[in-house]
Amino acid sequence: MTEWTPGTYGPRWKNVYDRIDWPAPDAAVDFLAERRGSGRALELAVGTGRVAVPLAAQGVELDGLDASPEIVEVMRTKPGGEAIDVTIGDIADFRLDRDYSLTFLLLNSLYALQTQQEQISCFESAARHLEPGGLFVVETFVPDPTRFRFQGRAHVYDVGLDHVRIEADTFDRATQHIKENHIEIREDGIRLYPAFLRYTWPSELDLMARIAGLSFVERWGDWADVPFDAASENSISVYRKEG
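Residues numbered from 1 in each chain as written. Predicted model: local features only at pLDDT ≥ 70, side-chain atom pairs only at ≥ 80, totals over all residues. Heavy atoms only, no water.

1. Structural notes on the sheet that holds strand β9 (residues 189-198)
No. 1: The strand order β6-β7-β8-β9 describes an open sheet built from four strands, whose pairing is antiparallel. In this open sheet, the two edge strands, each paired with only one partner strand, are β6 (152-159) and β9. Adjacent strand axes in the sheet meet at a mean angle of 15° when their direction is disregarded.
No. 2: Across seven bridges, β6 lies against strand β7 (residues 163-172) in antiparallel orientation. Within the sheet, the bridge partner assigned to Asp 158 lies in β7 and is Arg 165. (Pairing = 2+ DSSP bridges. Helix = DSSP H or I, 4+ residues; strand = E, 2+ residues; numbered from the N terminus. Axes fitted to C-alpha atoms, helices over the stretch in contact; angles between N-to-C directions.)

2. Notes on helix α6 (residues 202-211)
Side chains that are three or four residues apart share a direction in an α-helix, a result of its 3.6 residues per turn.
No. 1: Taken residue by residue, α6 has Pro 202, Glu 204, Leu 205, Met 208 and Ala 209 as its buried positions. Burial along α6 is one-sided: seen end-on, the buried residues are contained in an arc of 155°. Along α6, exposed side chains directed more than 90 degrees from the buried face belong to Ser 203 and Arg 210.
No. 2: Looking at the packing, one finds that the buried side of α6 touches α5 (116-128), β5 (130-141), β9, β10 (214-222) and β12 (234-241).
No. 3: Downstream of α6 by one or two residues, Gly 213 has phi in the positive range, about 85°. (Buried < 20%, exposed > 50% of the residue type's maximum accessible area, 1.4 Å probe, protein only. Arc of directions from axis to C-beta. Contact = heavy atoms within 4.5 Å.)

3. Points about the packing of aromatic side chains
No. 1: Inspection of the entire model under this criterion finds eight aromatic pairs.
No. 2: Pairing Phe 171 with Tyr 199 gives two aromatic rings, centres 6.1 Å apart and planes at 20°, and the pair type is stacked. A residue pair is termed long-range when its members are at least 10 positions apart, and Phe 171 in strand β7 and Tyr 199 in the loop between β9 and α6 qualify at 28 residues.
No. 3: With a relative accessible area of 6%, Phe 171 lands in the buried category.
No. 4: Among the residues examined, Tyr 199 registers a relative accessible area of 3% and is labelled buried.
No. 5: Between Phe 216 and Tyr 239 the ring centres are 6.1 Å apart and the planes differ by 65°, which places this aromatic pair in the edge-to-face class. One end of the pair, Phe 216, is in strand β10; the other, Tyr 239, is in strand β12, and 23 residues separate them in sequence.
No. 6: Exposure remark for Phe 216: the relative accessible area of 43% places this residue in the partly exposed category.
No. 7: An aromatic cluster of at least three residues, connected via ring pairs, comprises Phe 123, Phe 136, Phe 216 and Tyr 239.
No. 8: Cation over ring: Arg 35 sits above Phe 31, and NZ or CZ is 3.5 Å from the ring centre. (Phe/Tyr/Trp six-rings, centres within 6.5 Å; stacked < 30°, edge-to-face > 60°. Lys NZ or Arg CZ within 6 Å of the ring centre and 35° of its normal.)

4. A look at the nonpolar core
No. 1: In terms of nonpolar packing, the biggest core is built from 33 residues, with Leu 44, Leu 105, Leu 110, Phe 123, Phe 136, Ile 178 and Leu 214 touching the most fellow members.
No. 2: Counting only elements with at least two residues in this core, the list comes to β1 (41-44), β4 (100-105), α5, β5, β9 and α6.
No. 3: Considering each element in turn, this core owes the most residues, five residues, to α5.
No. 4: For Leu 105, the contacting residues outside a window of four places in its chain are Leu 44, Ala 45, Ile 91, Leu 110, Cys 122, Phe 136, Val 137, Val 138 and Glu 139.
No. 5: Within the second largest apolar cluster, 27 residues are counted, among which are Val 29, Val 46, Val 60 and Leu 102. (Core = buried A, V, L, I, M, F, W, Y, C linked by side-chain atoms within 4.5 Å.)

5. Some points on unusual backbone geometry
No. 1: Although it is not a glycine, Asn 108 adopts a positive phi angle of roughly 65°.
No. 2: Structurally, the position occupied by Asn 108 is in the loop between β4 and α5.
No. 3: Backbone geometry at Gln 176 places phi at a positive 65°, although glycine is not the residue there.
No. 4: Relative to the assigned elements, Gln 176 resides in the loop between β7 and β8 (177-186).
No. 5: Exposure remark for Gln 176: the relative accessible area of 15% places this residue in the buried category.

6. Here we look at a nonpolar patch on the surface
No. 1: There is a patch of nonpolar side chains on the surface, built from Ile 185, Ile 190 and Leu 192 and spanning about 270 Å² of accessible area.
No. 2: Mapping Ile 190 onto the fold places it in strand β9. (Patch = residues over 30% accessible without salt bridge, like charges linked within 9 Å, V, L, I, M, F, W, Y side chains within 5 Å. Areas by Shrake-Rupley, 256 points an atom, 1.4 Å probe, with all protein chains shown as cover. Salt bridge = Lys/Arg side-chain N within 4 Å of Asp/Glu carboxyl O.)

7. Some remarks on the sheet that holds β5
No. 1: Taking strand neighbours across the sheet as the criterion, the eight strands line up as β3-β2-β1-β4-β5-β12-β10-β11 in an open arrangement whose pairing is mixed. The open sheet has two free edges, formed respectively by β3 (85-88) and β11 (226-227), since each of these has just one partner strand.
No. 2: Relative to β5, β4 runs parallel, the two being bridged by five bridges. By the bridge assignment, Thr 103 is partnered in β5 with Phe 136.

All we've got here are geometric facts, nothing functional implied.
If you want it as structure tokens, here you go:
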């Protein structure tokens, strides 16, 4: 996976990230605001501020961390985005001058870290910056290897008169890696938007949290407090730093 580095994502995705049909952030914003506690919040992989900007608009004081200055610049163009204090750095290993009552990592961004050790280090870094009693919230998809046949797949997800969009993936069950590339074909050329992931199972997340000194609090299948069960496609996990 040496082709992928923390800075790979931003330059490729900065102009298209907000064009993706992401879920509306309202439920996530409410969920996080309710669990913020009395201190500041920190979003790891803050990106274009899809959640951070509306959360700050609710009066939550928060900072951001991201590996890509290019994608943070997109957030700066949004009303309120310029006021969020963002540090450019690696979410796997960071040291800031503040402690937080809430730290959160959303939309599978943990999976951008390519090794288990980097992911554990992310949990440890998050725990290091939490106040006693503070929470770490992690949103990830639940792996579904049945999506892949013969260790790969290709899926056409948009066709128009002047474009085709295709997602191509390879899958390695042994390393838990998915290499995906979103391919946009237009009359004026082809554009590639890669995303290399190392997925984890919810039980693996819980073990990483324990290694980092965090305790499991709750897990949901959706931001609207939908219970997590065998049919859940997403996992919202909450961990606490004990006193």
